[in-house]
Amino acid sequence: MAADGGQDLITLTTDKLSADGVSESVTCPSCGAVSLFIGTTRDHFEGKKVIRLEYEAYSPMAESELRKICREIRTKWPSVRHINIQHRLGVVPITEASVIIGISSPHRSDSLEAVKYCINTLKATVPIWKKEIYESGEPCWKENKECLWADTGKDPK
């Protein structure tokens, strides 16, 4: 729980994610904005047909990094009230959500900016790994281009 009574909810789960559930969890009477990001599994990558994704995580470190992101959001956007970050682990079929982020604030600009910061920082710092499974049966572990340990030499933010 944040110092001002706001909630920081973090979930890593093999269960299907619910955008409605995330939205409801961050809605409150003092906030006029609820911003959501929903990352879904698409059916292609670089000309290859994707049939599903599989995610793995080092959960204790991932949860710690997600809590750190919540603290950073609260420092950068003090008006943010509630934060809910959910990431799916295991098999995620095409069109289903892999990650949902919900953030509420009194006004839209803070929640919109905070959601963008959250997903970009999550992809850059949180130890969650994605494997794409192609129609050919061939699997491929994917490295996020934003990932800080990738050898890109540029900051994702």
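About the criteria used
- Residues numbered from 1 in each chain as written.
- Predicted model: local features only at pLDDT ≥ 70, side-chain atom pairs only at ≥ 80, totals over all residues.
- Heavy atoms only, no water.
- Pairing = 2+ DSSP bridges.
- Helix = DSSP H or I, 4+ residues; strand = E, 2+ residues; numbered from the N terminus.
- Axes fitted to C-alpha atoms, helices over the stretch in contact; angles between N-to-C directions.
- Patch = residues over 30% accessible without salt bridge, like charges linked within 9 Å, V, L, I, M, F, W, Y side chains within 5 Å.
- Areas by Shrake-Rupley, 256 points an atom, 1.4 Å probe, with all protein chains shown as cover.
- Salt bridge = Lys/Arg side-chain N within 4 Å of Asp/Glu carboxyl O.

A. Highlighting the sheet that holds strand E1 (residues 8-13). If you walk across this open sheet you meet the four strands as E1-E5-E7-E2, and the pairing is mixed. At either end of the open sheet lies a strand with only one pairing partner, and these are E1 and strand E2 (33-40). Pairs of neighbouring strands in the sheet enclose a mean axial angle of 5°, with direction left out of account. Bridge count for E1 against strand E5 (residues 83-88) is six bridges, and the pairing is parallel. Bridging across to E5, leucine 9 finds its partner in asparagine 84.

B. Structural context of a nonpolar patch on the surface. A grouping of Tyr58, Met61, Trp129 and Trp141 is seen on the molecular surface, where their side chains present a nonpolar patch of about 450 Å² in accessible area. Position of tyrosine 58 relative to the elements: it lies in the loop between strand E4 (48-57) and helix H2 (59-76).

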